[in-house]
Amino acid sequence: MVREIFEIKDKSLAGRIGEILTAHGKIRTPTLFPVINPISQEVSLEVIKGIGFEAIITNAYILKKHREREALEKGIHELLKFKGPIVTDSGGYQILEYGRVDVTPEEIVIFQENIGSDIAVILDVPTGGYASYEEAKWTVEETIRRAIISLKYMKRDKTLWVFPVQGGKYLDLLEYHARKALELPYDIVSIGSPTQILEKYDYATIIHMIAAVKKVLPPSMPVHLFGAGHPMFIPFAVALGVDTFDSASYILYAKDERLIFPHGTMRLKELSEIPCSCPICSKFTPQELMEMEKSERVKYIAIHNLYAIMQEIKRVRQAIKENTLWDLLEERSRCHPSLFKAFKALIQYRTYIKQYHPMVKAEVHGIFLYDVLSLHRPEIIQYHDKLLNNYNPALHEGIAIVLLDIEEKPLTRTEFYTKIREIIDKNNLKNVHILVFMPYFGIVPEELCETFPLSQHEKEYDDNVLDYTMNITEKYFRKNVSAYSKVVLVVRKENKKLAETLWKKLKALFKNLERITYENTAEAIDKVSHVMRNSSMGSSL
């Protein structure tokens, strides 16, 4: 029986803020577990805790090999002097690096429970990034075999157990392995061995790997991504539903004298100033760090790196809270070509993302629209879906007044709209429908103009966006051709090409199609009034 250990508090896209309940307290997600070396640790756990990391991860295999008696006598929390939740890995990374470990799956399960691990991983066989399909298939089957055997040795009283999903870049194997997780009583699912793929900056492949696993699992199952510790990728993984990460990047990069930032990494020797205000960067200049002893310099860079990672985690959490995670992805995707490629890969799973994304929250934040990629954000997709599949205009053979270049929002509060609506109401012209052409959204009926996000967005667009929007507009009129006997396109003279483009798309649908061009609002109102009064609609109104 699967235990209820995860509570979802908030959502944006498929990402979520949640809490994992452990024997040593709750873990707020999304978060990262800094990897702790149980033999020699450069940054104290007190400092790590002070930066904001509530939980850590260490290697049970190394503990068993070098400090087994002490770990069993004291327990892992007293041994490491850390009161919060501790996650232990079982030696899978060592298998990936060295090919084998001298411990059995049964022994490492018993050891992890006996030392009091809050979250523990079985001894899996990582696929890695270079395995052939047959090799990857073997790692999947062997990990499943070990997962089944390991269950017999679990007390499952305090320790939460992780089911590692293997398969590497082979998505069918990942999906198959993830489905096996549903058959076994594990608490958390992890996506294993992406490290070698991440080292090549192949973030797009990791996106496909995450999606293959997440689409199989229920939302109630927390998901961990092994080895993904760079902050510039964290928002993308979170957007697909990854809850926790672990990494030793903070110290590995520090030993190479590289500083982590949300947008990438920079070498200390290349910096004249450090673009950061963390306590380390506020206190020391690059020159002062370079003049330190190597061990001291490494420690300070590692602390900076931890601050940078936590800063991004907090930003991601806030973006989920504000429901602006998509905006963060668009921003981050411009930081590196590999992230831009990852963003385009993520867009392929927009249908999956949309089913979890809350379209509206109690506190509404406007959305930003930049280019064709913004067309794939859930709010736009849902509007198109409702417009073309659910919305039906409440008239028959009426007149559509289509305003093509009104940028002011909402339409219903503009002088233009108010004057036209007054004329319609004064003359009892009930069969007239005012619509506005809006880039990204397509056609927006007057009665929907004040709904989110039609009046709560800022946009920039190009011809590609306009072409897409024109196609949505054509689909709307094709679907509702019987609702209108006449369509009037209203546009400023300088934008008449917009009307010409739409005219070409609609002329096959409507025999009665008219264009009005104008230079100022008064002229437009006069011309629209003339059309309404003198058209053949009199008998039908």
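Everything discussed here concerns the structure shown above.
These remarks concern the structure in this document. (Residues numbered from 1 in each chain as written. Predicted model: local features only at pLDDT ≥ 70, side-chain atom pairs only at ≥ 80, totals over all residues. Heavy atoms only, no water.)

## Focus: the overall build of the protein
Selection criterion: In this text, helices come from DSSP runs of H or I with a minimum length of four residues, and strands from runs of E with a minimum of two, each type numbered from the N-terminal end. When accessible area is computed with a 1.4 Å probe and restricted to protein chains, residues below 20% of their type maximum are described as buried, those above 50% as exposed, and intermediate ones as partly exposed. By definition in these notes, contact holds between two residues if any of their heavy atoms fall within 4.5 Å. For every accessible area listed, the method is Shrake-Rupley and the probe measures 1.4 Å; residues are considered covered only by the protein chains on display. His is not counted, nor are the chain ends, whereas Lys and Arg count as positive and Asp and Glu as negative. Charged groups are reduced to one reference atom each: NZ for lysine, CZ for arginine, CG for aspartic acid, CD for glutamic acid.
Within the protein, the secondary structure is distributed over 22 helices and 20 strands. Projecting the C-alpha coordinates of the protein onto the three principal axes gives extents of approximately 95 × 55 × 40 Å. Sorting the 541 residues of the protein into buried and exposed places 59% on the buried side. A fraction of 72% describes how many contacts in the protein between residues 6 or more apart in sequence connect residues 24 or more apart. Within the structure as shown, the protein displays about 23600 Å² of accessible surface, and the carbon and sulfur contribution to it stands at 48%. Each charge class in the protein was averaged separately, 71 positive and 71 negative side chains, and the resulting centres sit 3 Å apart.

## Structural notes on the pairing of strand β12 (residues 258-261)
It is a general feature of regular strands that their side chains alternate between the two faces of the sheet. Put simply, the test is: Paired strands, as defined in this entry, are two strands with at least two bridges between them according to DSSP.
The sheet contact formed by β12 and strand β13 (residues 264-267) spans four bridges and is antiparallel. Paired with Arg 258 across the two strands is Arg 267, which belongs to β13. Linking β12 back to β13 in an antiparallel pair, the connection comprises two residues.

## Some details on a negative patch on the surface
Definition in use: Each patch is built from residues lacking any salt bridge and having more than 30% relative accessible area; the joining distance is 9 Å for like charges and 5 Å for nonpolar side chains (Val, Leu, Ile, Met, Phe, Trp, Tyr). Counted as salt bridges are all cases of a side-chain nitrogen of Lys or Arg within 4 Å of a carboxyl oxygen of Asp or Glu.
Together, Glu 460, Asp 462, Asp 463 and Asp 467 make up a negatively charged patch on the protein surface. Judged by its relative accessible area of 58%, Asp 463 is exposed.

## Topic: the nonpolar core
Selection rule: Nine residue types can take part in a nonpolar core, namely buried Ala, Val, Leu, Ile, Met, Phe, Trp, Tyr and Cys, and a core is a set of them joined through side-chain atoms within 4.5 Å.
In this structure, Leu 225 and Phe 233 are the most contacted members of the largest nonpolar core, which totals 114 residues. In this structure, Leu 225 is in contact with Ile 191, Pro 194, Ile 206, Ile 210, Phe 233, Ala 237, Val 242, Thr 244, Phe 245 and Asp 246, ignoring residues within four places of it in sequence. In terms of nonpolar packing, the next biggest core, distinct from the first, is built from 62 residues, Leu 403, Leu 429, Met 470 and Tyr 476 among them.

## Section: the pattern of salt bridges
Under the criterion given, the structure shown has 36 salt bridges. Note that Glu 42 and Lys 255 form a salt bridge whose closest N and O atoms lie 3.3 Å from each other. Pair noted here: Glu 42 is in the loop between β4 (31-36) and α1 (45-51) and Lys 255 is in helix α11 (residues 249-255), with a separation of 213 residues, a long-range link. A cluster of three or more residues bridged by salt bridges with shared partners is formed by Glu 7, Lys 9, Glu 19 and Lys 26.

## Re the state of the cysteines
Here is the rule: Any two cysteine sulfur atoms within 2.5 Å of one another count as a disulfide.
Enumeration according to the criterion identifies zero disulfides in this entry. Left without a disulfide partner, Cys 278 is nearest to the cysteine sulfur of Cys 281, which lies 3.6 Å away.

## Some remarks on the sheet that holds strand β20 (residues 513-518)
Stated precisely, the cut-off is as follows: Between N-to-C directions, angles cover 0 to 180 degrees, with each direction set by a line fitted to C-alpha atoms, over the stretch in contact for helices.
Ordered in space as β17-β16-β15-β19-β20, the five strands form an open sheet in which the pairing is mixed. At either end of the open sheet lies a strand with only one pairing partner, and these are β17 (442-445) and β20. Each adjacent strand pair in this sheet contributes to an overall mean axis angle of 25 degrees, direction not counted. Strand direction decides the pairing type here: strand β15 (residues 398-403) and strand β16 (residues 432-438), joined by five bridges, are parallel. For Ala 400, the partnering residue across the bridge sits in β16 and is His 433. Packed onto the sheet, helix α19 (residues 415-426) meets β15, β16, β19 (484-492) and β20 and runs at close to 165 degrees relative to β16.

## A short note on the packing of aromatic side chains
Put simply, the test is: Put simply, two rings from Phe, Tyr or Trp (the six-membered ring, in Trp's case) pair if the centres are within 6.5 Å, and we call them stacked under 30 degrees between planes, edge-to-face over 60, tilted for the rest.
Under the criterion given, the structure shown has 16 aromatic pairs. Note on Phe 163 and Tyr 186: the rings are 5.4 Å apart at their centroids and 65 degrees apart in plane angle, and the pair reads as edge-to-face. One end of the pair, Phe 163, is in strand β8 (residues 160-165); the other, Tyr 186, is in the loop between α7 (171-181) and β9 (188-191), with 23 residues separating them in the sequence. Judged by its relative accessible area of 0%, Phe 163 is buried. The exposure class assigned to Tyr 186 is buried, which follows from its relative accessible area of 1%. Measuring from ring centre to ring centre gives 5.8 Å for Phe 477 and Phe 510, while their planes differ by 90 degrees; the resulting arrangement is edge-to-face. Of this pair, Phe 477 sits in helix α20 (residues 463-479) while Phe 510 sits in the loop between α21 (496-506) and β20; the two residues are 33 residues apart in sequence, bridging distant segments of the chain. In terms of burial, Phe 477 and Phe 510 fall into one category: buried.

## Quick word on the packing of helix α18 (residues 378-389) against α20
Applied cut-off: The scheme is simple: roughly parallel for angles under 35 degrees, roughly antiparallel for over 145, roughly perpendicular for 65 to 115, oblique for anything else.
Across the interface, α18 lies against α20 with an axial gap of 9 Å and an inter-helix angle of 25 degrees. By the angle between their axes, α18 is roughly parallel relative to α20. Contact with α18, carried on its side by His 384, Leu 387, Leu 388 and Asn 389, involves Tyr 468, Ile 472, Lys 475, Tyr 476 and Lys 479 of α20 and no other residues of that element.

## A look at the environment of Leu 435
Its location among the elements puts Leu 435 in strand β16. Here Leu 435 falls in the buried class, since its relative accessible area comes to 0%. It is 20 Å that separates the C-alpha atoms of Leu 435 and Glu 379, two residues lying 56 residues apart in sequence. Those residues within four positions of Leu 435 in sequence are excluded, and the remaining contacts are Ala 400, Ile 401, Val 402, Leu 403, Ile 443, Val 444, Pro 445, Tyr 476 and Tyr 484.

## Things to note about the side chain of Thr 88
Our working definition: Two N or O atoms form a polar contact when they lie within 3.5 Å of each other; inside protein one atom must be a possible hydrogen donor and the other a possible acceptor, and for residues adjacent in sequence the pair counts only when both atoms belong to side chains.
Its location among the elements puts Thr 88 in strand β6 (residues 86-89). On the accessibility criterion, Thr 88 (0% relative accessible area) is buried. Within the structure, Thr 88 has its side chain in polar contact with the side chain of Ser 117 (distance 2.8 Å). With sequence-adjacent residues up to four places away left out, Thr 88 is seen in contact with Ile 57, Thr 58, Ala 60, Ile 76, Gln 112, Ser 117, Ile 119, Ala 120 and Val 121.

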